[in-house]
Amino acid sequence: MGFLEDMAQRAAVGGALRVAFPESDNAAMLHAAAELARRGVAAPVLVGQKGEAEAAASAAGVDLAAFAFAPEEAPETLVDRCFDGTAGIMGRKSLARRAGDPLWRALMLEAAGDVDLVFAGIDYSTGDVIMAAQGVLGLAEGIVTPSSVAVFDIPGFEGSEGSLLAFGDSAVCQEPNAEQTASIAISCCDSAAALLGWEPRCALLSYSSDGSAHGTSPEKQAEARRIANELRPDLAIDGEFQLDAALRPDVAAKKVRRASEVAGRANVLVWPDLDVGNIAVKSVQLFAGGRAYGPFLQGFAKPVCDCSRGASVEEIVGNCAAACVMAKGMSA
């Protein structure tokens, strides 16, 4: 069974989550939502102008029988309902002014408890989704930056979880400082546990292993380890490590001169910055034929997911299914 099929089956267990789709007049999103409903993966809730959604569905040949529509509601009433459930940075007046935007409205419905997850990304950019999620939902306790996690299936690689590895952050935070890197590592661990059922072992990567070289990057990663360990002593987060010291026990035995739960056995990798993350992801895809799933947004007080603006219906279905699994895992 492939990764995405496994996600779809797991998402359907225990009942479908209510997923808000604010791009309700987009044909690809409507087709994907219909497929998610058909398979019992999600219970779609369309947010936006009902007439426009119905016209788009008719043109696309999508039956809306399995869909719910978010009810019309005065902005002030919605803001009052959601405000106590949000840790966002926006005040009541600012939220009320944005309540007419389907994305912001969908996130307010999530803050109010009317839906379990918001999914967007076809018409809204990742930046749009992140800004609105921070404004409405805010960040999870102890987290200082949103970020992303992706799962890679790498042919020929045999690590502690077979051919799978989790990567973070390859999509959001450009040049994280030590505190932000610690947040990324914590978020990645929680996401990997919720999404994959792993006991996460997170390596903070650099060109140095356990003090073998000096410089800004190794020092930042070592400080990030200290911060993460202080904030979440329950998680196995260690570094700084070179990639081979993080993944290969024989190399770790030579390069890491202390006891470590992570060295040589890492299943979650955290890059020092977005340059490294992007290059690493592309290298794994081009040179190793790795299959990437995600990236999935993380770090918010409640679950939010986006997709590439060029995503196919199949990709939307898979990403939404995985986001539902992650949301269920984090609420368990």
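Refer to the structure presented above.
Residues numbered from 1 in each chain as written. Predicted model: local features only at pLDDT ≥ 70, side-chain atom pairs only at ≥ 80, totals over all residues. Heavy atoms only, no water.

Enquirer: How do you make sense of the sheet that holds strand β8 (residues 236–241) when you look at a structure like this?
Expert: In any sheet, the strands associate via hydrogen bonds between backbone groups, in a parallel or an antiparallel arrangement. Pairing is mixed in the open sheet, where six strands are placed in the order β8-β7-β9-β6-β5-β10. Of all strands in the sheet, those with a lone pairing partner are β8 and β10 (291–298), marking the two edges. In this sheet, adjacent strand axes meet at a mean angle of 25 degrees when their direction is disregarded. Across three bridges, the pairing between strand β6 (residues 164–168) and strand β9 (residues 268–270) is parallel. Its bridge partner being in β9, G168 is matched across the sheet by V270. Seen against the sheet, helix α8 (residues 178–196) touches β5 (147–153), β6, β7 (201–205), β8, β9 and β10 and runs at an angle of roughly 50 degrees to β5. Packed onto the sheet, helix α12 (residues 274–288) meets β5, β6 and β10 and runs at close to 20 degrees relative to β5. (Pairing = 2+ DSSP bridges. Helix = DSSP H or I, 4+ residues; strand = E, 2+ residues; numbered from the N terminus. Axes fitted to C-alpha atoms, helices over the stretch in contact; angles between N-to-C directions. Contact = heavy atoms within 4.5 Å.)

Enquirer: How should the sheet that holds strand β1 (residues 17–21) be read in this particular structure?
Expert: Taking strand neighbours across the sheet as the criterion, the five strands line up as β3-β2-β1-β4-β11 in an open arrangement whose pairing is parallel. Strands at the two margins of the open sheet, each flanked by one partner only, are β3 (68–69) and β11 (304–306). As judged from the three bridges shared by strand β4 (residues 117–120) and β11, these two strands associate in the parallel manner. The residue bridging V118 from the neighbouring strand is V304, located in β11.

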